[in-house]
Amino acid sequence: MTKNWRNHRESFRHGNLPEALIAAALQRLEDDGQEAISLRELSRDVGVNHRAIYRHFPDRLSLMARVAEEGWRLLGATMRSAATSQKPGTRSLVAAGVALFVFARNRPNLFALMGGPNFQGRTKFPALDRSIGQTLELLRQGFLAAGTSQDAALKQALIYASALQGVVGQILWKRYRVLPKNAEGEVGRICEMLIKGLR
């Protein structure tokens, strides 16, 4: 079970309850998986009556969308940090792709939630859509810097992100077998192949 939250409740102001619930959900997600997340259990984790949660999240799906949004925000910051340390263009795109893999390896359950089917076809989570869009914009800018036309850059960014999501998933599920010490280098080479193919 989620030891960090269950046995050590920190006091917080009511205005911070949404953030405390998201933090608790992130911890429980990585410790126990998506199935372990319920509004009632999270209320216990943060030390409030479960009815208090409904003032901020009408249902479990709304909370999970906010957790996924936070995941995309964290992923975007990680990729941006890696990309800006490299020359704009191909090198920055490769660095962002490797950063995506490292993020997914470190937080596999969150990565699965972010890319899973839970929120497909729904339009009631605009903040989540914006968070995803900001991450894709980072990749679009990378393709522009690599010489891609304005018309093609977003399409290439979408394909690149989708292909990386699939490759990373296969590595995490051990279907694409690569030694852990070689994984980042292998992902970097795959990123180079994808970028070359897309251009």
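Rules used in this analysis
- Here the residue numbers are simple positions, counted from 1 along each chain's written sequence.
- In keeping with the model being predicted, local features are shown solely for residues with a pLDDT of at least 70 and side-chain atom pairs are shown and tallied solely at 80 or more, while totals for entire chains, interfaces and linings include all residues.
- The side-chain numbers reported here are obtained from all heavy atoms of the structure, hydrogens and water having been left aside.
- Only runs of H or I of at least four residues qualify as helices and only runs of E of at least two qualify as strands under DSSP, and these elements are numbered from the N terminus.
- Classification of residues uses two cut-offs on accessible area relative to the type maximum, computed with a 1.4 Å probe and protein chains only: under 20% is buried, over 50% is exposed, and between them is partly exposed.
- Any two residues whose heavy atoms approach within 4.5 Å at even a single point are treated as in contact.
- Residue burial considers only the protein chains on display, and all accessible areas are found by Shrake-Rupley using a 1.4 Å probe.
- By the counting rule applied here, Lys and Arg register as positive and Asp and Glu as negative, while His and the ends of each chain are not counted.
- The atom standing in for a charge is NZ when the residue is Lys, CZ when it is Arg, CG when it is Asp and CD when it is Glu.
- The angle between two axes is taken between their N-to-C directions and runs from 0 to 180 degrees, where each axis is a line fitted to C-alpha atoms and a helix contributes only its stretch in contact.
- For this classification, under 35 degrees means roughly parallel, over 145 means roughly antiparallel, 65 to 115 means roughly perpendicular, and everything else is oblique.
- Each crossing is labelled by how the near helix is turned from the far one, with a counterclockwise turn of less than a right angle marking it left-handed and a clockwise turn marking it right-handed.
- Pairing of aromatic rings covers Phe, Tyr and Trp, the last through its six-membered ring, and needs centres within 6.5 Å; plane angles under 30 degrees mean stacked, over 60 mean edge-to-face, and all others mean tilted.
- Salt bridge, as used here: a side-chain nitrogen of Lys or Arg that lies within 4 Å of a carboxyl oxygen of Asp or Glu.
- One less than the residue count of a helix, multiplied by 1.5 Å, gives the span that helix is expected to have.
- Within 3.5 Å is the distance limit for a polar contact, defined as a pair of N or O atoms, with the added protein rule that one can donate a hydrogen and the other accept it, and that residues adjacent in sequence qualify only through two side-chain atoms.

K.L.:
Whenever I open this one, the overall build of the chain confuses me. Can you help?
P.N.:
Each helix and strand in the chain was counted, giving ten helices and zero strands. Secondary structure elements in the chain, listed N-terminal to C-terminal, are α-α-α-α-α-α-α-α-α-α. Dimensions of the chain, computed from the C-alpha atoms along their principal axes, are close to 55 × 35 × 30 Å. Relative to its full complement of 199 residues, the chain shows a buried share of 43%. A fraction of 68% describes how many contacts in the chain between residues 6 or more apart in sequence connect residues 24 or more apart. Put simply, the chain shows about 11,000 Å² of open surface, and 51% of that area lies on carbon and sulfur atoms. Computed over 29 positive and 17 negative side-chain charges, the separation of the two mean positions in the chain equals 2 Å.

K.L.:
Can you walk me through the packing of helix 6 (residues 90-106) against helix 9 (residues 150-172) in this structure?
P.N.:
How two helices pack is summed up by the angle between their axes together with the distance between the axes. For the pair helix 6 and helix 9, the least separation of the axes is 10 Å and the interaxial angle reads 40 degrees. Between helix 6 and helix 9, the crossing angle belongs to the class labelled oblique. Judged by the sense of rotation from one axis to the other, the crossing of helix 6 with helix 9 is right-handed. Seen from helix 6, the contacting residues are Leu-93, Val-94, Gly-97, Leu-100, Phe-101, Ala-104 and Arg-105; seen from helix 9, they are Tyr-160, Leu-164, Val-168, Ile-171 and Leu-172.

K.L.:
Could you clarify how one ought to interpret the packing of aromatic side chains in this entry?
P.N.:
Considering all chains together, one arrives at one aromatic pair under this definition. Between Phe-143 and Tyr-160, the ring centres sit 5.5 Å apart and the planes meet at 85 degrees, which makes this aromatic pair edge-to-face. Highlighted residues: Phe-143 in helix 8 (residues 126-145) and Tyr-160 in helix 9, separated in sequence by 17 residues. Residue Phe-143 is classed as buried on the basis of its relative accessible area, which comes to 0%.

K.L.:
Looking at this structure, I do not really get the pattern of salt bridges. What am I missing?
P.N.:
Pairs can form between side chains of opposite charge whenever their charged atoms are close. The final tally for this structure, using the stated rule, is eleven salt bridges. Between Glu-70 and Arg-73 there is a salt bridge, with its nearest N and O atoms 2.6 Å apart. Of this pair, Glu-70 and Arg-73 are both found in helix 5 (residues 60-84), three residues apart, which corresponds to roughly one turn of the helix. Put simply, Glu-192 and Arg-91 hold a salt bridge, and the shortest N to O gap is 3.0 Å. You can see Glu-192 sitting in helix 10 (residues 183-198) and its partner Arg-91 sitting in helix 6, a full 101 residues away along the chain.

K.L.:
Would you explain helix 9 in this entry?
P.N.:
Residues separated by three or four positions in an α-helix point in the same direction, a consequence of the helix having 3.6 residues per turn. The end-to-end C-alpha distance of helix 9, which contains 23 residues, comes to 33 Å, matching closely the 33 Å that a straight helix rising 1.5 Å per residue would cover. Along helix 9, the positions that sit buried rather than exposed are Ala-153, Gln-156, Ala-157, Tyr-160, Ala-161, Leu-164, Val-167, Val-168, Gly-169 and Ile-171. Where the residues of helix 9 are buried, they touch helix 6, helix 7 (108-115), helix 8 and helix 10. Within two residues after helix 9, Lys-174 carries a phi angle of roughly 65 degrees, on the positive side.

K.L.:
Please explain the environment of Arg-60 as it appears in this structure.
P.N.:
With respect to the element layout, Arg-60 can be found in helix 5. Considering only alpha carbons, one finds Arg-60 and Gly-116, 56 residues apart in sequence, at a separation of 15 Å. Non-local contacts of Arg-60, meaning those with residues more than four positions away in its chain, are made with Gln-34, Ile-37 and Leu-39. Reaching out from Arg-60, the side chain makes a polar contact with the backbone oxygen of Gln-34 at a distance of 2.7 Å.

K.L.:
Looking at this structure, I do not really get the environment of Ala-112. What am I missing?
P.N.:
Relative to the elements of secondary structure, Ala-112 occurs in helix 7. Judged by its relative accessible area of 41%, Ala-112 is partly exposed. A C-alpha to C-alpha distance of 29 Å links Ala-112 and Pro-88, two positions 24 residues apart in sequence.

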